[in-house]
Amino acid sequence: MSSLPFELAAATVLGREHARAGRNNQDALWARASEQGLAAVVADGCGSGAQSELGAQLGARRVVEGALSLLGQVPVDSPEFLQRLGADVLCLLQAVSGQLGERAIGEALLFTIVGAVVTPEHTLVFSAGDGLWALNGEVHRLGPFPGNAPPYLAYGLLKPGVVALKANSLRPTAEVDSLLLGTDGVSDLAGLAEAQVPEREEPVGPLSQFWSEDRYFSNPDALRRRLALLNRESVRADFPARRLVRVPGLLTDDTTLVVLRRRQGRA
């Protein structure tokens, strides 16, 4: 396994509106380390796709596994790295659509990607579509795009080269202290810093909590529990009106994030 000096926290939660509609969580995440480095990805399936969580899950895993495989062949700081990685993911999607038919592209294979590859020398952040990433506390939003239609990598199955994995940042790993990758639900979460946590007298707080607070790394379930708390529906009794008042959770969309933080005392 990788000896990189980072600890990782990751979680996903079903959005309020998807839960109300009886839909699955269409986000996915995957992260893994190898001897060559570490790769992590969040993916968000197209909301109009009947089974887009399938593409998001397949895509997230393929991006990570493909990236780790490429690290032994192509330097991460080479433009060829993302070109070959995108081609590898499209190869998988082509095989799936070949089995299920072209209709599967719109129904199941459209998803956004926000990812990172970390080696001892370089850290690469890349994307295709909307979402959010934050490096050393500096937050960058991806999108929104016109008509709320982000560029999906799978469009390359219909028109080769129309969408490619985009490099957002390439930094020496020695300069990286924290890195957050998020789907577009995290963009919404970033705007809720002053909102009140359901059933608690405390604010949601800024995104920086997720890389600055130790609890999210010491307890592997702490991040998921925090997201679930923010999206919990609260119910209280209005006795004068003789009715129950329901206050919905705060996260309307599926919300998924992966956070890397440099271990204290490690160079």
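Keep in mind that what you see is a predicted model, and the values were worked out from it rather than measured.

Undergrad: Describe unusual backbone geometry, and please don't skip the residues or the numbers.
TA: Looking along the chain, the bond that leaves glycine 143 and enters proline 144 is cis, with omega of 5 degrees. With respect to the element layout, proline 144 can be found in the loop between β7 (138–142) and β8 (166–172). Of note in this structure, asparagine 136 is not a glycine but carries a positive phi near 50 degrees. Inspection of the secondary structure puts asparagine 136 in the loop between β6 (131–135) and β7. Asparagine 136 sits in the partly exposed class, given a relative accessible area of 30%.

Undergrad: Can you tell me about the side chain of threonine 183, naming the residues and giving the values?
TA: By secondary structure assignment, the location of threonine 183 is in the loop between β9 (178–182) and α5 (184–190). Threonine 183 sits in the buried class, given a relative accessible area of 1%. Among residues more than four places away in sequence, those in contact with threonine 183 are Asp27, Val42, Ala43, Asp44, Gly131, Leu132, Asp254, Thr255 and Thr256.

Undergrad: Can you tell me about helix α8 (residues 222–230), naming the residues and giving the values?
TA: Every buried residue of α8 is listed here: Ala222, Leu223, Arg226, Leu227, Leu229 and Leu230. All buried residues of α8 project into a common sector of 160 degrees when viewed along the axis, lining one side. For α8, the secondary structure elements touched by its buried residues are β1 (6–13), α5, α6 (209–212), α7 (215–218) and β12 (255–262).

Undergrad: Can you lay out the nonpolar core for me, pointing to particular residues and giving the numbers?
TA: Judged by nonpolar contacts, the single largest core of 39 residues is most densely connected at Phe81, Leu85, Leu93, Ile113, Val117, Phe126 and Leu165. Every element with two or more residues in this core is listed here: β3 (38–45), α2 (52–70), α3 (79–100), α4 (103–108), β4 (111–118) and β5 (122–128). Element by element, the count of residues in this core is highest for α3, at eight residues. Filtering out sequence-adjacent residues up to four positions away, leucine 85 remains in contact with Val63, Gly66, Ala67, Leu70, Phe126 and Leu165. Counting residues in hydrophobic clusters, the runner-up holds 24 residues, among them Ala9, Val13, Trp211 and Leu257.

Conventions used here
- Residues numbered from 1 in each chain as written.
- Predicted model: local features only at pLDDT ≥ 70, side-chain atom pairs only at ≥ 80, totals over all residues.
- Heavy atoms only, no water.
- Helix = DSSP H or I, 4+ residues; strand = E, 2+ residues; numbered from the N terminus.
- Buried < 20%, exposed > 50% of the residue type's maximum accessible area, 1.4 Å probe, protein only.
- Contact = heavy atoms within 4.5 Å.
- Arc of directions from axis to C-beta.
- Core = buried A, V, L, I, M, F, W, Y, C linked by side-chain atoms within 4.5 Å.

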